[in-house]
Amino acid sequence: MNEFFIPALTNLCDPVSILLMVGGLAGGIVIGALPGLTATMGVALMVPVTFAMDATSGLVMLGAIYVGAIYGGSNSACLICTPGTPSSVATTFDGWPMCQAGRADRALITSLLSSSFGGFIGTAFLLFLAAPLARFAIKFGGPENFWLCLFGLSSIAVMSSGNIIKGLVSGGLGMLVATIGLDPHGATPRFTFDYYPLIQGVEVIPAMIGLFSISQVLYLIGSYKPFLAQYNPTLGVFGVVARELFGKCKTVLLRSSIIGTLVGMLPGAGGEIASIIAYNESKRWDKRPDRYGTGIVEGVASSESANNAVIGGSFIPMLTLGIPGSAVAAVILGALLAKGIQPGFKVFTVTGELAYTFIFSQFVVNLLMIPVGLLLVKVLVRLLRVRLTFVAIGIVLLSVIGAYAIRNSMLDVWIALIFGILGYFCNRVKLDTGAMALGIILGPMIEENFGKCVSLSKASRDSVIQVFLDSPITLILICLTLLSLCTPFIMHLWHQRAAAEAGLSAQPVLTVPEDWLKDVMSGFFVLLISVVFFTQIFELEDVGRSYALLLLAFITLMGLYLCFQGVLKRRRLAGGVSSDEEPVNMRRVAVIVVASVAYAAFIPILGFYPSSSFFLCLSAIILNNSGGSPYVAACLLTLIMCLAVWLVFAMLLGVPTPEGILFQ
Amino acid sequence: MRQRFFTMFAITAALFVAVVLPAQAAYPEKPVNMIIAFTAGGSSDVQARIMEKYWNKYIPQQKWVFVYKPGAGGAIGFGEIAMSKKDGYTIGGINIPHIIIQAVTQKAQFKLGDFDYICQVVNDPQCVVVRKDSKFKSAREVFDYSKANPGKLKIGLVGPNSGHHMMYLDLKKQLGFPVTEVFYKGTADQNAALLGGEIDAMLGNLNDVMRSLEEMNILALAAEKRNDFLPNVPTLKEEGYDIFSNIRRAFVVPKGIPADALAFLRETFKKICLDPDYLKDMKQAGQPAEYLDGVALFKHMQSLDADIKAAFGKK
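Quantities reported herein were computed from a predicted structural model and do not represent experimental measurements.

1. Observations regarding the interface of chain A and chain B
Taken residue by residue, the interface counts 46 residues in chain A and 44 residues in chain B. Of the roughly 3800 Å² buried where chain A meets chain B, counting both sides, 57% is carbon and sulfur surface. One can count 3 salt bridges joining chain A with chain B. In this structure, the salt-bridge partner of Glu181 of chain B is Lys458 of chain A, at a minimum N-O distance of 3.0 Å. For the pair chain A and chain B, the interface holds 8 residue pairs in polar contact (both at pLDDT 80 or more). When residues of the side of chain A that touches chain B are traced back to their parent elements, those giving at least two are α3 (39-50), α7 (142-159), α14 (327-338), α16 (388-407) and α18 (433-456) of chain A. A per-element tally of the side of chain A that touches chain B places α14 of chain A first, with 5 residues. Partitioning the side of chain A that touches chain B into residue classes produces 25 nonpolar, 12 polar and 9 charged.

Written as structure tokens, this is what we have:
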């Protein structure tokens with residue numbers, strides 16, 4: 001292996017390589033930061049460009065885009081509470097509270113440094129342990145992945161320790177929604193409500209754009225705040241954050257990076273699960289887990305280091321076995337194969353120069369990311385100086401084009417809008433949209449892998465339990481899942497004992513006072529959804545039906561419980577309902593909802609750019625609350641947004657925008 | 001009032017000219033949309049990109065604009081092609097037999113008669129594959145073992161309702177083949193399962209198993225003749241089994257485009273398919289190229305359609 005080191009390093013010192021890495025990084029960060037444009041899309045769209053390059057340069061560039069995009073997702077997660085890629089869901093938990101508390105620069109630099117650190121660890125594993133880890137990774141089959149997903153799902157119990165029932169029912173709702181489309185076993189349509197296009201199912205990304213970014217827009221528009229968040233820059237912030245991260249958080253960083261690498265190399269699981277698991281493990285092992293979710297450095301650090309460590313991990317089985325560890329690695333593998341490069345353990349000897357140049361380039365990219373990222377952070381925090389109304393309207397436009405770009409389908413735009421309105425409602429009645437997103441991501445994987453277990457059981461005397469018992473990894477995962485589910489109760493007991501030792505009366509740490517109406521409303525909402533889905537259940541058959549029925553039964557029970565709980569609370573309260581909520585301007589919320597729906601409805605008629613201009617201009621004028629004349633600002637917003645979208649989507653990426661009947 | 005009428009008239013006239021005039025110009029005079037029914041970077045996309053490279057060599061004035069419409073195993077994109085404008089400026093890639101099975105088993109938005117077929121570009125045979133360290137050294141050993149130990153052998157397939165599924169049903173019909181079948185979402189999962197030992201053998205496409213050749217043994221091809229990629233691998237026919245199965249890629253247009261446009265497309269695609277440099281690129285990318293003209297392809301699909309209706313239709 002040593003004989004390849006020098007040529008590999010010389011390749012990387014080439015100015016063209018450095019240019020490709022910096023360009024790939026910067027482009028990747030922008031793609032990642034825009035909700036809707038994911039790492040997978042960014043890399044896939046650049047594959048044709050690599051056809052004109054030599055294999056090594058192409059690979060180096062694609063790797064740089066991947067790294068940039070996964071880091072970029074954290075920027076929007078911190079600044080507007082919208083994960084730019086599904087891998088950054090867990091970053092919103094602490095990143096957004098930090099931003100709201102005026103520490104946006106700290107949140108952004110924490111995620112930058114943790115991403116870079118995670119990337120380093122992942123690549124180090126790729127360099128030194130690729131062969132044994134790849135052998136381990138392929139041991140993860142149906143049963144192992146099924147329990148890994150359940151383990152990820154069990155984190156809902158840790159995540160929403162304040163209100164487990166609502167967390168669980170939200171996760172269940174997500175899983176139910178994810179069953180729309182083709183049933184994975186019989187390949188028959190399920191819950192399509194006789195509307196054929198629904199057969200393609202609810203894609204994760206449009207649903208997440210709705211749940212996070214559009215619902216966030218509604219919240220922002222309805223609030224009386226003039227700006228996104230206060231911003232008090234810290235002096236010498238880079239040094240402060242670096243000292244904090246590599247001092248007090250080094251265990252968190254290292255543990256999360258290792259979790260990221262291990263999850264990344266599994267063929268079935270990627271960054272979205274790794275960051276959630278890492279976040280929960282950090283919370284579980286922390287002395288004061290209740291601080292998580294209030295805006296602490298550890299939260300952002302664990303999620304971001306894990307999702308960047310996934311990258312190195314996902315290349316392990318890709319290079320050695322030809323099996324991609326993530327969706328992006330699959331695309332990069334396609335580019336490699338098109339160049340006629342055969343993956344395999346021989347990749348380190350036969351095409352050693354290419355393999356080592358690529359691995360070393362990942363180290364360099366993670367280093368280069370710090371200056372490039374810092375530069376972009378300086379630009380991005382300026383967003384906090386733009387009036388909130390304009391930011392919110394701009395996010396609607398980006399969400400619409402982002403949702404459309406996933407599959408070039410207007411259906412996804414509508415899915416994003418519907419989920420936005422539902423997500424806003426859920427936030428109001430304290431249902432957990434994070435758990436719902438987790439359900440949408442993990443639901444299909446759980447069903448698919450359980451199906452495999454059932455199929456495999458035919459060879460084990462029809463006993464699924466035998467299939468689980470046959471694999472030691474599965475047994476370990478089952479134990480971990482059970483432990484994880486018990487964590488809230490153990491923590492509860494531990495708190496009580498600690499309180500008793502301190503001579504205080506046991507405080508009810510886990511119960512949050514809530515007004516009864518929210519419980520009843522969320523209960524009714526859940527029951528309504530289950531009734532809607534229940535009307536379709538008779539058209540289904542076999543496994544596809546029993547899984548859906550199971551989910552429906554669970555959700556219905558929980559919905560009834562919530563209603564019941566609400567009524568009970570009302571009795572106890574007997575009148576005086578206390579509310580500590582911020583005031584909401586419902587008129588403005590209604591205006592932006594109507595405007596967004598009209599916008600989406602007009603796109604197929606007027607075309608994308610004309611309807612976007614109308615939408616931006618009109619809603620900016622109507623919703624303007626700055627006191628001054630809105631016309632100049634509205635025109636400026638329209639011009640900048642349309643130009644930016646045109647530049648990024650049409651020119652740079654070549655993604656088509658929706659066509660209208662009248663204009664293209 | 002009169003002035004406004006004239007303005008309206010002028011605008012309408014201008015629009016009319018703008019719409020009608022270009023249609024009379026000779027084909028091709030604007031970029032063509034290429035609909036890919038799978039994700040960017042996938043196998044179908046890579047093949048079409050190679051095709052594009054040679055299209056630019058022969059017809060440099062006409063560019064391709066790639067439009068990805070993934071979903072429902074390709075059915076969404078195939079429907080999109082069928083419903084697109086019949087002006088010759090929308091082409092799409094299809095996969096056979098997926099498209100036929102979808103038309104039979106789902107309430108899909110297309111029929112085989114909704115397309116005009118340009119040509120077939122890839123014929124990717126299915127193979128019987130095991131791990132390198134497997135005790136099975138030939139396809140016959142696999143089949144015999146399955147009969148001697150019903151339900152013991154675990155076979156991986158991509159599907160359901162796929163080319164693999166069809167071959168599996170064919171095997172069951174002809175040989176009995178009492179095995180435990182496990183369906184995977186894609187070839188990456190399937191390859192991983194074979195290497196990890198979750199399944200004992202699998203039915204896979206040549207293009208997909210080529211990437212892990214170091215770890216796998218390809219026992220036999222379900223093809224009429226041996227393949228250039230692996231000249232040492234026998235066909236199932238040589239082993240005494242009458243089983244043929246493959247996945248083909250082809251390009252189509254919605255039925256009813258102008259005849260000159262269709263003729264132009266067919267001729268240009270044929271030129272590309274016979275270009276030695278193109279064939280070299282295809283081989284490097286592991287795509288088994290095989291040209292078949294549109295008419296012959298449609299005939300083949302009609303006979304497949306009957307088989308598929310018999311195998312899947314009753315479900």
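Structure shown, so let's carry the discussion forward.
2. Some details on the pairing of strand β9 (residues 246-254) of chain B
All names here are of chain B. The element β9 is largely enclosed, with a buried count of 9 among its 9 residues. Of the two faces of β9, the one lined by Asn246, Arg248, Ala250, Val252 and Pro254 and the one lined by Ile247, Arg249, Phe251 and Val253 are each fully buried. Where strand β3 (residues 90-96) and β9 come together, 5 bridges link them in antiparallel fashion. Within the sheet, the bridge partner assigned to Asn95 lies in β9 and is Arg249.

3. Description of α14 of chain A
The periodicity of an α-helix, 3.6 residues per turn, causes residues three or four positions apart to be oriented the same way. Compared with an ideal rise of 1.5 Å per residue, which puts 12 residues at 16 Å, α14 of chain A spans 17 Å between its outermost C-alpha atoms and is within 8% of the ideal. Here α14 of chain A lies mainly inside the structure; 10 of its 12 residues are buried. The set of residues buried in α14 of chain A consists of Val328, Ala329, Val331, Ile332, Leu333, Gly334, Ala335, Leu336, Leu337 and Ala338 of chain A. Looking at the packing, one finds that the buried side of α14 of chain A touches α3, α4 (55-80), α13 (297-321) and α15 (352-380) of chain A together with α2 (43-58) and α10 (276-284) of chain B. Among the residues trailing α14 of chain A, Gly340 of chain A stands out with phi positive, at a value near 80 degrees.

4. Considerations on the state of the cysteines
All names here are of chain A. Taken as a whole and judged by the stated rule, the model has 0 disulfides over all chains. Unpaired in terms of disulfides, Cys149 finds its nearest cysteine sulfur in Cys453, a separation of 10 Å. You can call Cys149 buried: its relative accessible area is 2%. There is no disulfide at Cys642, and the cysteine sulfur nearest it, in Cys617, is 9.5 Å away.

5. A short note on the nonpolar core
By size, the foremost hydrophobic cluster in this structure holds 271 residues, and its most contacted members are Tyr66 of chain A together with Phe269 of chain B. Each of domain 1 (6-123 + 247-312) and domain 2 (125-246) of chain B gives at least three residues to this core. Aside from chain neighbours lying at most four places away, what touches Tyr66 of chain A is Ala39, Val43, Val310, Ile311, Ser314, Phe315, Ser326, Val328, Ala329 and Ile332 of chain A. If you look at the next biggest cluster of nonpolar residues, it comprises 28 residues, including Ala37, Ile76, Phe78 and Leu297 of chain B.

The rules behind each value
Going along each chain's sequence as written, the residues are numbered from 1 onward. Following the order in which they are written, the chains are lettered starting with A and the ligands numbered starting with 1. Selection of residues for local features in this predicted model requires a pLDDT of at least 70, selection of side-chain atom pairs for listing and counting requires 80 or more, and totals for whole chains, interfaces and linings are taken over all residues. Note: side-chain values were computed over all heavy atoms of the structure, leaving out hydrogens and water. The contact rule is simple, with two residues in contact once any of their heavy atoms fall within 4.5 Å. Two parts lose some accessible area (1.4 Å probe) when they are put together, and adding that loss for both gives the buried area. We define a salt bridge as a contact between a side-chain nitrogen of Lys or Arg and a carboxyl oxygen of Asp or Glu at a distance within 4 Å. The term polar contact refers here to a pair of N or O atoms within 3.5 Å; inside protein, the definition further demands a hydrogen-donor-capable atom paired with an acceptor-capable atom, and it admits residues adjacent in sequence only when both atoms are side-chain atoms. Only runs of H or I of at least four residues qualify as helices and only runs of E of at least two qualify as strands under DSSP, and these elements are numbered from the N terminus. For this scheme, ten residues count as nonpolar: Ala, Val, Leu, Ile, Met, Phe, Trp, Tyr, Cys and Pro. Four count as charged, namely Asp, Glu, Lys and Arg, and the remainder, Gly too, count as polar. For the exposure calls, accessible area comes from a 1.4 Å probe over protein chains only, and a residue counts as buried if that area is under 20% of its type's maximum, exposed if over 50%, partly exposed in between. DSSP calls a pair of strands paired once it identifies at least 2 bridges connecting them. By definition here, a helix of n residues has an expected span of 1.5 Å times n minus one. Disulfide assignment relies on a single distance test, namely cysteine sulfur atoms paired within 2.5 Å. Take the buried Ala, Val, Leu, Ile, Met, Phe, Trp, Tyr and Cys residues and link them wherever side-chain atoms come within 4.5 Å; each set so joined is a nonpolar core. Segmentation of the chain into domains, including their bounds, is taken from an automatic or database domain assignment.

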